[in-house]
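Chains, contacts and geometry: an overview
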Amino acid sequence: MDLTVFSGTANRPLGEALARALGRPLGKCNLERFPDGELHVELQEDVRGRDVWLIQPTLPPVGENLLELLLMADACWRGGARRLMAALPYFGYARQDRRTSTGEALGGKLVADLLERGHFERLVAVNLHTPSLEGCFAMPLEHLNAGTLLAEAVRPLAGPGAVVVSPDLGAVKLAERYARQLGLPLAIVHKSRTSGADVSVRGLVGEVKGLRPIIVDDLISTGGTIAATAEAVREAGCADEITVVATHALLVGPAVERLSKVPIRRLISTDSVVPHRELPFHHEVVSLAPLLADAIRRVTANGH
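Computed from a predicted model, the values in this text were never measured in an experiment.

Rules and cut-offs
- Residues numbered from 1 in each chain as written.
- Predicted model: local features only at pLDDT ≥ 70, side-chain atom pairs only at ≥ 80, totals over all residues.
- Heavy atoms only, no water.
- Buried < 20%, exposed > 50% of the residue type's maximum accessible area, 1.4 Å probe, protein only.
- Helix = DSSP H or I, 4+ residues; strand = E, 2+ residues; numbered from the N terminus.
- Contact = heavy atoms within 4.5 Å.
- Polar contact = N/O pair within 3.5 Å; in protein donor to acceptor, adjacent residues only side chain to side chain.
- Arc of directions from axis to C-beta.
- Pairing = 2+ DSSP bridges.
- Axes fitted to C-alpha atoms, helices over the stretch in contact; angles between N-to-C directions.
- Core = buried A, V, L, I, M, F, W, Y, C linked by side-chain atoms within 4.5 Å.

Let us look at helix H1 (residues 12-22). Residues of H1 that are buried include every one of Leu14, Gly15, Ala17, Leu18, Ala19 and Leu22, and no others. On its buried side, H1 packs onto strand E1 (3-7), strand E4 (51-55) and helix H8 (289-302). At the N-terminal boundary of H1, the capping side chain belongs to Asn11, with an oxygen 3.2 Å from the backbone nitrogen of Leu14. Just downstream of H1 lies Gly23, where phi reads positive at about 70°.

Our next topic: helix H3 (residues 107-117). Restricting attention to buried positions, one finds in H3 the residues Gly107, Gly108, Val111, Ala112 and Leu115. Take H3 and look down its axis: the buried residues cluster within an arc of 135°, on one side only. Exposed residues pointing more than 90 degrees away from the buried face of H3 are listed as Leu110 and Arg117. If you follow the buried residues of H3, they end up packed against helix H2 (62-78), strand E5 (83-88) and strand E6 (122-126). Where H3 terminates, the next one or two residues include His119, which has phi positive at roughly 70°.

We now examine the pairing of strand E12 (residues 242-249). Here E12 lies mainly inside the structure; eight of its eight residues are buried. Bridge analysis of strand E11 (residues 212-220) against E12 gives six bridges, and the strand direction is parallel. Residue pairing in the sheet places Ile220 in a bridge with Ala249 of E12. Summarising the sheet, E12 and strand E13 (residues 264-270) pair through five bridges and their orientation is parallel.

With that out of the way, let us pick up the environment of Ala236. Its place among the elements puts Ala236 in the loop between helix H6 (224-235) and E12. In this structure Ala236 comes out as partly exposed when scored by relative accessible area, which is 29%. As a C-alpha pair, Ala236 and Lys209 span 27 residues in sequence and 6.0 Å in three-dimensional space. Contact partners of Ala236, with chain neighbours within four places excluded, come to Leu204, Val208 and Lys209.

This part is about the sheet that holds E4. With respect to topology, five strands assemble into an open sheet ordered E1-E4-E5-E6-E7, the strand pairing being parallel. A single partner strand is all that each edge strand has here, and the edge strands are E1 and strand E7 (141-144). Sheet twist, expressed as the average angle between the axes of neighbouring strands with direction ignored, equals 20°. Sitting on the sheet, H2 is in contact with E1, E4 and E5, with an inclination near 170° to E4.

Let's shift gears to the nonpolar core. Membership of the largest hydrophobic core comes to 32 residues, with the highest contact counts inside it found for Phe6, Leu54, Phe91, Leu115, Phe120, Leu123 and Phe137. Mapped by element, the contributors of at least two residues to this core are strand E3 (39-43), E4, H2, E5, H3 and E6. In terms of residue count, the dominant contributor to this core is H2 (seven residues). Core analysis: the second largest hydrophobic core is formed by 25 residues, Val208, Cys238, Leu251 and Ala255 among them.

What follows is the structure in C-alpha cells.
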C-alpha cells in the first residue's frame, strides 16, 4: 500500500496504535499554535501521489479539533496527495442530524458540508450516535461498529445471573445486539430528558432483581443517563455489581462525579477518547486500532 497516515492531536495514542497496526510509521506533521490562538499546520514529508489517511476524533473542544483536521486536509491536498481520506473514531455533532424548531441550526449537516470542503474522498466513523447522519454526506461514509469488540470484552462477566440493560428507548437496538451475542435477557429503562445534561427515569421494563446489570450505550457524555439508569436498577433490587459498556466514554462536565455516586463496578469502553487517568471504578479500554486498520486496508486496496 502506497499509504501515509497522519494523526491530529485529539487522540495521538490511538493514531500511533493505528500506524503500528498498519505496519508503518506515523507521518510527520508540525502542528503549532500562534500567540493569538491561530493553528498552523505544516507537513514534514512528501505526500505527492500518495493515499493519505488522517485520524482525528472531533472530541471536545470540538471546534478546535475539527479545524485542526481541516487544516491538515488542506495541507495534504495542496501537497499533491492522490487521495485524501479521514478516520473519525468519534464524530462530534452527530446528535444534531435534525431540527425540532425553526430556530435551530442543523449542526450535523453543517459539519458534513465543512468536511466535504476538505477534499476528502471517503470518511470512516465508529458508532455514530445518530446513524441517520450518514445521509448528510454526499461522499461515502464507512460506518464501523465496535459492538462485537466490546461484547467480547464483556463476555467473561456475562455468565448466568447477568442481564443487559438499555438505558433508554434509543439504545434498545444496540442492547438487543449485545443481549443476542452474549445470550442474556434484556431490560429497558424508559427515561425522559429534562435538559442537555439531565434526565429522569419513568419506568423499567424487564427483570433485574438479583441480577448483575450490564448497561450498554454508544456514548457517555455528562453521565446523566448512565447514573439515572444505575440508580433505577439498584432501586429495582439488582445485584451490587454494575458494569457499563460504551463505545465513546467522553465523561465531560459532571460525569465522573455523577458516576462516582452510584455503584458502578467497572466501565468498558474503546479508546476513541483518550481514557481518563483517575476514575472511581475499574476502566477496561478496548483498542479501535485493529478495526480501523482493517477498514483502511480494505478501502485502500479496493481503490474506493
